[in-house]
Amino acid sequence: MHHHDTDEPCFTSFEPAVLRPAELTAFSRGGGARTTPLVTKATGAEVFLTGQTLFDGGAGIALHTHNCPESVTILEGNAIVEIDGTEHPVSRFDTTYVPAAMPHRFRNASATEPMRILWIYATVDATRTIVESGVTTRVDEEHAEAAARNNG
């Protein structure tokens, strides 16, 4: 078994990156929500996955679960987050932690103002399962499929 020296990084295969959401492609999630992937396998990530989702006024996403823990920070606006059946009002810089397999969803609390979140999944192989349909997709594949549709 290989042991790392304390000053040696555990993961050395990906190049550093500066990611600017304003310069990246946003993919529609439906219902007035658009996602911009940030740290992904495409940028060389091996451990976690991050991105932003922008919700138009009144927008929300379906109740869903993930195969890993997720943390979300509100960057802009006000939201209602439903976690395991309980709704919580959240505003700028409020942060959630949702364990794997727990149903949750975000919706914009405002009918007119935008709301933006930063999401972080605890694995680069994060999946999303829609509670109503039971359909599971990889979070990063959703973006690839959207890109194929948008570029096709």
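Residues numbered from 1 in each chain as written. Predicted model: local features only at pLDDT ≥ 70, side-chain atom pairs only at ≥ 80, totals over all residues. Heavy atoms only, no water.

(A) Highlighting the pattern of salt bridges. The final tally for this structure, using the stated rule, is eight salt bridges. For Glu76, the salt bridge identified is with Arg116, shortest N-O distance 3.3 Å. With Glu76 in strand 5 (residues 70-76) and Arg116 in strand 10 (residues 115-121), this pair connects stretches of sequence that are 40 residues apart. The partly exposed category is assigned to Arg116, whose relative accessible area is 24%. (Salt bridge = Lys/Arg side-chain N within 4 Å of Asp/Glu carboxyl O. Helix = DSSP H or I, 4+ residues; strand = E, 2+ residues; numbered from the N terminus. Buried < 20%, exposed > 50% of the residue type's maximum accessible area, 1.4 Å probe, protein only.)

(B) How the structure looks around the packing of aromatic side chains. This structure, assessed with the given rule, holds one aromatic pair. Ring geometry for Trp119 versus Tyr121: centroids 5.1 Å apart, planes at 45 degrees, classification tilted. Its relative accessible area of 3% is what places Trp119 among the buried residues. (Phe/Tyr/Trp six-rings, centres within 6.5 Å; stacked < 30°, edge-to-face > 60°.)

(C) Local environment of the side chain of Asp140. Positionally, Asp140 belongs in helix 1 (residues 139-151). At 2.9 Å, the side chain of Asp140 and the side chain of Arg138 are in polar contact. In contact with Asp140, other than residues within four places in its own chain, are Lys41 and Val124. (Polar contact = N/O pair within 3.5 Å; in protein donor to acceptor, adjacent residues only side chain to side chain. Contact = heavy atoms within 4.5 Å.)

(D) Just a nonpolar patch on the surface, in detail. Together, Val47, Phe48 and Ile120 make up a nonpolar patch on the protein surface, roughly 220 Å² of accessible area in all. Within the secondary structure, Val47 is located in the loop between strand 2 (33-37) and strand 3 (49-55). Exposure remark for Val47: the relative accessible area of 34% places this residue in the partly exposed category. (Patch = residues over 30% accessible without salt bridge, like charges linked within 9 Å, V, L, I, M, F, W, Y side chains within 5 Å. Areas by Shrake-Rupley, 256 points an atom, 1.4 Å probe, with all protein chains shown as cover.)

(E) Spatial organisation of the pairing of strand 8 (residues 95-98). Burial of strand 8 is one-sided: the residues Thr96 and Val98 facing one way are buried, the residues Thr95 and Tyr97 facing the other way are not. Pairing between strand 5 and strand 8: four bridges, direction antiparallel. Bridging from a neighbouring strand, Val72 pairs with Thr96 of strand 8. (Pairing = 2+ DSSP bridges.)

(F) Local environment of the nonpolar core. Ranked by size, the top nonpolar core spans 22 residues in total, and within it Leu49, Phe55, Phe106, Ile117, Trp119 and Tyr121 carry the most contacts. Sort the elements by how many residues they give to this core and strand 10 lands first, with four residues. (Core = buried A, V, L, I, M, F, W, Y, C linked by side-chain atoms within 4.5 Å.)

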